[in-house]
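Here is how the chains run, residue by residue.
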Amino acid sequence: MILDSKIPAGPLAQKWDKHRFDLKLVNPANKRKFEVIVVGSGLAGASAAATLAELGYKVKCFCYQDSPRRAHSIAAQGGINAAKNYQNDGDSIYRLFYDTIKGGDFRAREANVYRLAQVSVNIIDQCVAQGVPFAREYGGLLANRSFGGAQVSRTFYARGQTGQQLLLGAYQALERQIGLGAVKMYPRAEMLDVVTIDGHAKGITVRDLVTGEVTTHAGDAVVLATGGYGNVFYLSTNAVGCNVTATWRAYKKGAAFANPCYTQIHPTCIPVSGDHQSKLTLMSESLRNDGRVWVPKRKGDNRPPGQIPEDERDYFLERKYPSFGNLAPRDISSRAAKEACDDGRGVGPGGLGVYLDFADAIKRLSEKVVRERYGNLFDMYEKITGENAYQVPMRIYPAVHYTMGGLWVDYHLMSNVPGLFVVGEANFSDHGANRLGASALMQGLADGYFILPYTIGNYFASSKQPKPAASHPEFKKSLEAVNAISKKLLSINGKRTVASFHRELGKIMWDKCGMARSEASLKEALQRIPELRAEFWKNVKVTGESGSLNMDLERAGRVADFLEFGELLCLDALQRNESCGGHFRVEHQAEDGEAKRDDDNYAYVAAWEYQGEGKTPVLHKESLVYEEVHMSTRSYK
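In short, a report on the structure.

Criteria and thresholds
- Residues numbered from 1 in each chain as written.
- Predicted model: local features only at pLDDT ≥ 70, side-chain atom pairs only at ≥ 80, totals over all residues.
- Heavy atoms only, no water.
- Helix = DSSP H or I, 4+ residues; strand = E, 2+ residues; numbered from the N terminus.
- Rg over C-alpha atoms; globule rule 2.2 N^0.38 Å.
- Buried < 20%, exposed > 50% of the residue type's maximum accessible area, 1.4 Å probe, protein only.
- Contact = heavy atoms within 4.5 Å.
- Areas by Shrake-Rupley, 256 points an atom, 1.4 Å probe, with all protein chains shown as cover.
- Lys, Arg positive; Asp, Glu negative; His and termini not counted.
- Charge placed at Lys NZ, Arg CZ, Asp CG, Glu CD.
- Polar contact = N/O pair within 3.5 Å; in protein donor to acceptor, adjacent residues only side chain to side chain.
- Pairing = 2+ DSSP bridges.
- Expected span 1.5 Å × (residues − 1).
- Bend = angle between axes of the 7 residues up to and from the residue.
- 1 Å grid on protein atoms, 1.4 Å probe; cavity = no way out; pocket = protein on both sides within 12 Å on 5 of 7 lines; lining within 4 Å.
- Points joined across faces, edges and corners; volume = space filled by probe spheres on them.
- Nonpolar A, V, L, I, M, F, W, Y, C, P; charged D, E, K, R; others polar.
- Axes fitted to C-alpha atoms, helices over the stretch in contact; angles between N-to-C directions.
- Left-handed = near helix turned anticlockwise from the far one by under 90°.
- Disulfide = S-S within 2.5 Å.
- Phe/Tyr/Trp six-rings, centres within 6.5 Å; stacked < 30°, edge-to-face > 60°.
- Parallel < 35°, antiparallel > 145°, perpendicular 65-115°, else oblique.

**Some thoughts on the overall build of the protein chain**
Part 1: On a plain count of helices and strands, the protein chain comes out with 17 helices and 19 strands.
Part 2: Its C-alpha atoms give the protein chain a radius of gyration of 24 Å, within 12% of the compact-globule value 26 Å for 637 residues.
Part 3: With respect to the principal axes defined by its C-alpha atoms, the protein chain has extents near 75 × 60 × 50 Å.
Part 4: For the protein chain, buried positions account for 60% of its 637 residues.
Part 5: Summarising the internal contacts of the protein chain: among those between residues at least 6 apart in sequence, 74% fall at separations of at least 24.
Part 6: For the protein chain, the accessible area works out to roughly 24400 Å², and carbon and sulfur atoms hold 50% of it.
Part 7: Charged side chains in the protein chain number 79 positive and 72 negative. The centres of these two groups are separated by 3 Å.

**Describing the side chain of His583**
Part 1: Along the polypeptide, His583 turns up in the loop between helix 16 (551-575) and helix 17 (599-602).
Part 2: At 3.1 Å, the side chain of His583 forms a polar contact with the side chain of Arg517.
Part 3: If we ignore the near neighbours within four places in the chain, the residues touching His583 are Cys261, Tyr262, Arg517, Ala573, Arg576 and Glu578.

**Describing the pairing of strand 7 (residues 200-208)**
Part 1: Within strand 7, 8 of the 9 residues are buried, leaving the element largely enclosed by the surrounding structure.
Part 2: When strand 6 (residues 189-197) meets strand 7, the two strands line up antiparallel, connected through 8 bridges. Looking at strand 7, one finds that Met191 is bridged to Val206.
Part 3: Between the end of strand 6 and the start of strand 7, which pair antiparallel, lie 2 residues, with Asp198 showing a positive phi angle near 55 degrees.
Part 4: Pairing between strand 7 and strand 8 (residues 214-218): 5 bridges, direction antiparallel. Each residue of the ladder has a partner; that of Arg207, found in strand 8, is Val214.
Part 5: Two successive antiparallel strands, strand 7 and strand 8, enclose a turn made up of 5 residues, where Gly212 displays a positive phi of approximately 85 degrees.

**What to know about the sheet that holds strand 13 (residues 313-314)**
Part 1: Reading across from one edge, 11-15-14-12-13 is the order of the 5 strands in this open sheet, with antiparallel pairing throughout. Of all the strands in the sheet, just strand 11 (263-269) and strand 13 have a single pairing partner and so form its edges.
Part 2: Pairing between strand 11 and strand 15 (residues 394-403): 5 bridges, direction antiparallel. Residue pairing in the sheet places Gln264 in a bridge with Tyr402 of strand 15.

**Here's the deal with unusual backbone geometry**
Part 1: Non-glycine residue Arg159 carries a positive phi angle of around 50 degrees.
Part 2: Summarising the element assignment, Arg159 is placed in the loop between strand 4 (155-156) and helix 6 (162-179).
Part 3: Despite not being glycine, Arg188 has its phi angle at roughly 50 degrees, a positive value.
Part 4: Take Arg188: it is sitting in the loop between strand 5 (183-186) and strand 6.

**Observations concerning helix 11 (residues 367-385)**
Part 1: A rise of 1.5 Å per residue sets the reference length of helix 11, with its 19 residues, at 27 Å; its end C-alpha atoms lie only 20 Å apart and thus fall more than 12% short of the reference.
Part 2: The largest bend along helix 11 measures about 85 degrees and falls at Tyr374.
Part 3: Looking at helix 11, one finds that the buried residues are Val370, Tyr374, Gly375, Asn376, Leu377, Phe378 and Tyr381.
Part 4: In this fold, the buried residues of helix 11 make contact with helix 10 (359-365) and strand 15.

**Overview of the layout of surface pockets**
Part 1: In this model, the second largest pocket occupies a volume close to 1000 Å³.
Part 2: Lining the second largest pocket are 32 residues, with Trp248, Lys252, Glu564, Tyr610 and Glu613 positioned closest to its centre.
Part 3: For the lining of the second largest pocket, the secondary-structure elements that each account for two or more residues are strand 6, helix 7 (245-251), helix 13 (473-492), helix 15 (519-539) and helix 16.
Part 4: It is helix 13 that provides the largest number of residues to the lining of the second largest pocket, a total of 8 residues.
Part 5: Residue classes in the lining of the second largest pocket are distributed as 14 nonpolar, 5 polar and 13 charged.

**Here we look at the packing of helix 3 (residues 43-55) against helix 6**
Part 1: Relative to each other, helix 3 and helix 6 sit at 35 degrees, their axes nearing to 8 Å. You can see that helix 3 and helix 6 cross each other, and the crossing is left-handed. Across from Leu43, Ala46, Ser47, Ala49, Ala50, Ala53 and Glu54 in helix 3, the residues of helix 6 making contact are Leu166, Leu167, Ala170, Ala173, Leu174, Arg176 and Gln177.
Part 2: In terms of residue class, the contact of helix 3 with helix 6 is made up of 10 nonpolar, 2 polar and 2 charged.

**Some words on the state of the cysteines**
Part 1: Within this structure, the stated rule accounts for 0 disulfides.
Part 2: In this structure Cys341 is a free cysteine whose sulfur lies 13 Å from that of Cys269, the closest cysteine sulfur available.
Part 3: By relative accessible area, Cys341 is classed as buried at 9%.
Part 4: Free cysteine Cys580: the closest other cysteine sulfur is in Cys261, separated by 6.5 Å.

**Here's the deal with the packing of aromatic side chains**
Part 1: The tally for this structure, following the rule as stated, stands at 31 aromatic pairs.
Part 2: Taking 4.7 Å as the distance between ring centres and 45 degrees as the angle between the ring planes, the aromatic pair formed by Trp294 and Tyr355 counts as tilted. Of this pair, Trp294 sits in strand 12 (residues 292-296) while Tyr355 sits in strand 14 (residues 354-357), and the two are 61 residues apart along the sequence.
Part 3: The exposure class of Trp294 is buried, given its relative accessible area of 0%.
Part 4: Taken together, Tyr229, Trp248, Tyr251, Phe257, Phe565 and Tyr610 form an aromatic cluster joined through their ring pairs.

**Things to note about the packing of helix 5 (residues 110-129) against helix 12 (residues 440-462)**
Part 1: Taken N-terminus to C-terminus, the directions of helix 5 and helix 12 make an angle of 85 degrees; their axes are 9 Å apart at the nearest point. The angle between helix 5 and helix 12 places the two elements in the roughly perpendicular class. Where helix 5 approaches helix 12, its residues Arg115, Leu116, Val119, Ser120, Asn122, Ile123, Gln126 and Cys127 are matched on the opposing element by Met442, Gln443, Leu445, Ala446, Tyr449, Phe450 and Ile451.
Part 2: Partitioning the contact of helix 5 with helix 12 into residue classes produces 10 nonpolar, 4 polar and 1 charged.

**Quick notes on the environment of Glu567**
Part 1: By the secondary structure assignment, Glu567 is in helix 16.
Part 2: Taking the C-alpha atoms as reference, Glu567 lies 14 Å from Thr245; in sequence the two are 322 residues apart.
Part 3: In this structure, Glu567 is in contact with Leu526, Ile529, Pro530 and Arg533, ignoring residues within four places of it in sequence.

By themselves, these figures tell us nothing about what the structure is for.
Next up, the structure:
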């Protein structure tokens, strides 16, 4: 396997503009000859499908939800970054670029991140033109607020519903193209395989989740926009349906999987309340603009928060990171909260929580202003916990949120499998070892609206691969392989539910490869996961049949993939003998407990190549070379 990143030569600030000119173009009349398959209809998928159709390509778009509006992008709350510098507070494209590189602990590809910062300024204009109702100042100008890892206000927002509003904008653009006949939409259809012909991605195999019918679809290129793999931990802030299946099946067809150990722990989630839960709920990072994070100074202090005097509180983020305070980046803030709880100073049931307190903000701004900024988030918190956060502090604790790893892609967003493009959270390209808040929405829309439409045309103009006929033997082969998996799952007829296996896998992953990892814990996980997988294939109980609506079967397939992927994630974490961002190895920390990188030996992208069932995958390394920034010890103090 050869990893050619295709990063163009020249000054960093000019790479993308110069490269766009150098890319080969497809004549407008010829675009109608090409058909693109887009899998996923969240921000990255919907924006890509709509834009490609607008350009003239034929597009088929698939999603497993009943509507593109239900994509998980809708759950994003706090905002989207852009280097507009509307606040005149020192922001710039270069500062957004540097904050993102630094936030990712110098483990992201420099050229991709700079391009993301460049494109960010166009995204806001695009979304405003679509009618996205961003918050505005009294005079009508777009408002901004701060987010973790930045000392400027660059985050555009629509209360705590930014993801929903942005998705509705992309959805409207997509629906327009559906109405024009340029996009054919396939809802309730789950991709279960990528079809490759002569080494190029030329189609997919999908299961209709209502009828159970398995069909194949041919195209000139395939775009995966299928999100992240956070649900390998079972409990996460992701929607219950989020899974790794699309990217994992692509990996088994030759696509390299990059940096799977880079998972993000979000510091502000509602704590776990019991074993009955199947997911966790996010409280937006934007709350840390006005909320103050604290725990009692004394261990075992179980008094109600209102009875704990100011001088007996530890505002630990403000104490440890005075320059950034409560807006320290997510990985650092999460570990600080865990440290306080491990020290016996956690609050709430089991001591697994810290306070996010708005009392000072309400005194300073008034409850009315706090309601205007965060009202829907406070309402959601009260519905889930029964507590009024205007009167008592919120209780929060870190939880799995976003995944920075994903399929390896080059500068064109194409995987090492020609014709297989990967956008949004499904690729690895922009966030390094830790994503800054409000950057996921930025990347998804940048990829779909402003990057892929250029680079996919270059592939069509350069490739001489004809679109295959649906009768090609590879389609039949893929169909048979997918049906064989379903048949095998249904034939086991064991005694354990699919959910019980998923829950047990998630506990192994969280305990052994969660906020802190060690050589010993990872080796234990790598022993236990194959044992659990072996039991799954002997003792899982999957009810129903394949030729009809069967949610048990679809979940079983996803959990089977998680059981394989979890092992790769732990293997990647084990070989990376350093701490960086969301990957924290306890053996590699500075005297003050911060992550300790090893730039001499680990300044690379870890890209794994599948070798076959039961065989150890091969590690390929793409060196990270920085032309503009100097790799330094990350400090927010």
